[in-house]
Amino acid sequence: MVQLWLFELAKGIGRLFLNPVLYFSILLVLFAGFIRIKRERNDFNVRVHDQFHELKHLLPAGLLAGMSLSIITIITGLTIPLEMFALIAITTILLGVIGNARLLSPAYTVGLPILIVFTITFFSVHIPYTDTLLENSRFLIGIPILLGVLLLSEGILMLKNGLKDVSPKLRTSRRGLTIGALQIKRVWLLPIFFFLPAGPLTAPFDWWPVIDWGTETYSLILVPFALGFQNQVQSSLPSQAVERLAKQIILLGVIILAASSAGFYYQEYIPPVIAGIAILGRLFISYRHRVKENNTLYYFTPRNSGVMILDIIPGTPASKMELKTGEIIQACNNVAVSNKDELYKALLKNRAYCKLEVLDVKGEIRFEQCALYEGDHHELGILFVEKRSKGNRDRAM
């Protein structure tokens, strides 16, 4: 029995590499890195992170989340037909192509397939490879549970890792002023174990599976889920925006999980209703964020006194001094500064040493200092917004 389960476990892991979502996610984040670098160089003549930055963060956090969720799915015996996984994969790829990371919320990638399956079963539409879904609608009970769990995972991952991929950009306001913005974008790949409703495995315990799916044999499969989000922040610090969005998504996930319990009593209609709530709820969260950003005063704008930091390039003197987004450099080498040129001139006063007076986001003054070496006295690694004439680009310092 143990050998059979271990063999099925190995086969389940192997099935991961047959899922196109795995390869699509890799291509998606590589393309995202290319577009990001192109935009950053257009705005600042320098890139913040390398081409493979997004790829480095694709799996680590998602792998941990997937392992945690796999424990739950294996213990409960969550069983879903292969046709449903195929539909989720197709939806994920289509939404990723259409909307990049902004449409990779499980509210869409899992919610839309639920609505499609309900339509197929309710109207008895015969589509190739959907026979299992037509024969046993009980499988729909488990999908809303999966949807709620994945929404919770999306919110938690945003709280813990949502600020790993923040990219600065310049844009023009309605009044023609140059303002700064930050694009927050992440894609996670979550590999999760599930059971298919056919195979060599049988129930190892009398109480297993926790929910009776109407099947007697099972097989294991490791399924990759691509979760992502993408938002632009220009009216507040990115940490504040991400925390707000993440908490709203977590609340939506809790609501979906609570509503899923009703699916055991009203199996026919509750799953599509839950999917509709998830889709509309996630759309409302995105819409509310966009309205707030458009109707609130810009945060990253040129200042009359001091230079506001838009972003910091890793590995530069600015990162070693632990300067942060949203902070304002008020003086350099004891000289007050209000723009890039004044900061550059103040740096030239001492080619081997830099001392900055910084106003942090809490309104407190602190001093940062570091040694400068030949070749980097004028390249602190700071990206910021300043007043500019038409046709000129800001540069990194």
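Refer to the preceding data block for the structure.
Cut-offs applied
Residues numbered from 1 in each chain as written. Predicted model: local features only at pLDDT ≥ 70, side-chain atom pairs only at ≥ 80, totals over all residues. Heavy atoms only, no water. Helix = DSSP H or I, 4+ residues; strand = E, 2+ residues; numbered from the N terminus. Buried < 20%, exposed > 50% of the residue type's maximum accessible area, 1.4 Å probe, protein only. Contact = heavy atoms within 4.5 Å. Areas by Shrake-Rupley, 256 points an atom, 1.4 Å probe, with all protein chains shown as cover. Phe/Tyr/Trp six-rings, centres within 6.5 Å; stacked < 30°, edge-to-face > 60°. Disulfide = S-S within 2.5 Å. Axes fitted to C-alpha atoms, helices over the stretch in contact; angles between N-to-C directions. Parallel < 35°, antiparallel > 145°, perpendicular 65-115°, else oblique. Left-handed = near helix turned anticlockwise from the far one by under 90°. Pairing = 2+ DSSP bridges. Core = buried A, V, L, I, M, F, W, Y, C linked by side-chain atoms within 4.5 Å.

Colleague: I'd like a description of the overall build of the chain, backed by residues and values.
Modeller: From N to C terminus, the chain includes 13 helices and nine strands. Here the chain, with 397 residues, has 51% of them falling under the buried criterion. Nonlocal contacts in the chain, meaning residues at least 24 apart in sequence, comprise 73% of its contacts between residues at least 6 apart. Of the roughly 19100 Å² that the chain leaves accessible, carbon and sulfur atoms contribute 62%.

Colleague: Outline the packing of aromatic side chains, supporting the account with residue identities and numerical values.
Modeller: Evaluated as defined, the whole model comprises ten aromatic pairs. Centroid distance Phe85 to Phe194: 5.2 Å. Interplanar angle 50 degrees. Geometry classified as tilted. Of this pair, Phe85 sits in helix H5 (residues 82-99) while Phe194 sits in strand E2 (residues 178-201), and the two are 109 residues apart along the sequence. The pair Phe85 / Phe194 is uniform in exposure class, with both members buried. With a centroid separation of 5.2 Å and 75 degrees between ring planes, the pair formed by Trp208 and Tyr218 is classed as edge-to-face. Taken as a pair, Trp208 in the loop between E2 and strand E3 (218-233) and Tyr218 in strand E3 lie far apart in primary sequence, ten residues in all. By relative accessible area, Trp208 is classed as buried at 6%.

Colleague: Talk me through the state of the cysteines; I want residue IDs and the actual numbers.
Modeller: Per the stated rule, a full pass over the model turns up zero disulfides. The closest cysteine sulfur to the non-disulfide-bonded Cys332 is located on Cys354, 4.4 Å from its own sulfur. Judged by relative accessible area, which is 0%, Cys354 ranks as buried.

Colleague: Before we move on, could you go through the packing of H5 against helix H7 (residues 111-122) and cite the residues and values that matter?
Modeller: The geometry of H5 relative to H7 is characterised by a closest axis approach of 9 Å and an angle of 130 degrees between their N-to-C directions. Considered as vectors, H5 and H7 are oriented oblique to each other. Every pair of crossing elements has a handedness; the one defined by H5 and H7 is right-handed. Contacts between H5 and H7 involve Met84, Leu87, Ile88, Thr91 and Leu95 on the former and, on the latter, Leu112, Pro113, Ile114, Ile116 and Val117.

Colleague: Please give an account of unusual backbone geometry that cites residues and values.
Modeller: Of note, the bond from Trp208 into Pro209 is cis; its omega dihedral lies within 30 degrees of zero at -5 degrees. Looking at the secondary structure, you find Pro209 in the loop between E2 and E3. Positive phi is not limited to glycine here, since Glu322 has a value of about 60 degrees. Here Glu322 lies in the loop between helix H12 (317-320) and strand E5 (328-332).

Colleague: Pulling in residues and values, what's your account of the pairing of E2?
Modeller: Counting buried residues along E2, 21 of its 24 residues qualify, which places the element largely inside the surrounding structure. Pairing of strand E1 (residues 166-172) with E2 involves seven bridges; the strand directions are antiparallel. Directly across from Leu170, in E2, lies its bridge partner Gly180. Linking E1 back to E2 in an antiparallel pair, the connection comprises five residues, with Gly176 at a positive phi of about 85 degrees. Here 16 bridges tie E2 to E3, and the two strands are oriented antiparallel to one another.

Colleague: An account of the packing of helix H2 (residues 20-44) against H5 is requested, with residue identities and associated values reported.
Modeller: When two helices pack together, their arrangement is given by the angle between the helix axes and the distance between those axes. Packing of H2 against H5 brings their axes to within 10 Å, and their N-to-C directions diverge by 15 degrees. Accordingly, the angle class assigned to the pair H2 and H5 is roughly parallel. Considering only the axes of H2 and H5, their crossing is left-handed. Here Pro20, Val21, Phe24 and Leu28 of H2 lie close against H5, whose contacting residues are Ala89, Thr92, Ile93, Gly96 and Val97.

Colleague: Could you give me a rundown of the nonpolar core, with the residues and numbers involved?
Modeller: Formed by 65 residues in total, the largest nonpolar core has its most connected members in Leu150, Leu190, Phe194 and Phe225. Residues contacting Leu150, with those up to four places away along its chain left out, are Leu69, Pro106, Val110, Leu190, Ile192, Phe225 and Leu227. Within the second largest apolar cluster, 21 residues are counted, among which are Trp5, Leu16, Val29 and Ala89.

Colleague: Summarise the sheet that holds E1; cite the residues concerned and give the values.
Modeller: Pairing within the open sheet is antiparallel, and its three strands lie in the order E1-E2-E3. Only two strands of the sheet have a single partner each, and these edge strands are E1 and E3. Each strand of the sheet is rotated relative to its neighbour by a mean of 25 degrees, with strand direction disregarded. Together, E2 and E3 form the strand contacts of helix H1 (residues 2-15), whose direction differs from that of E3 by roughly 40 degrees.

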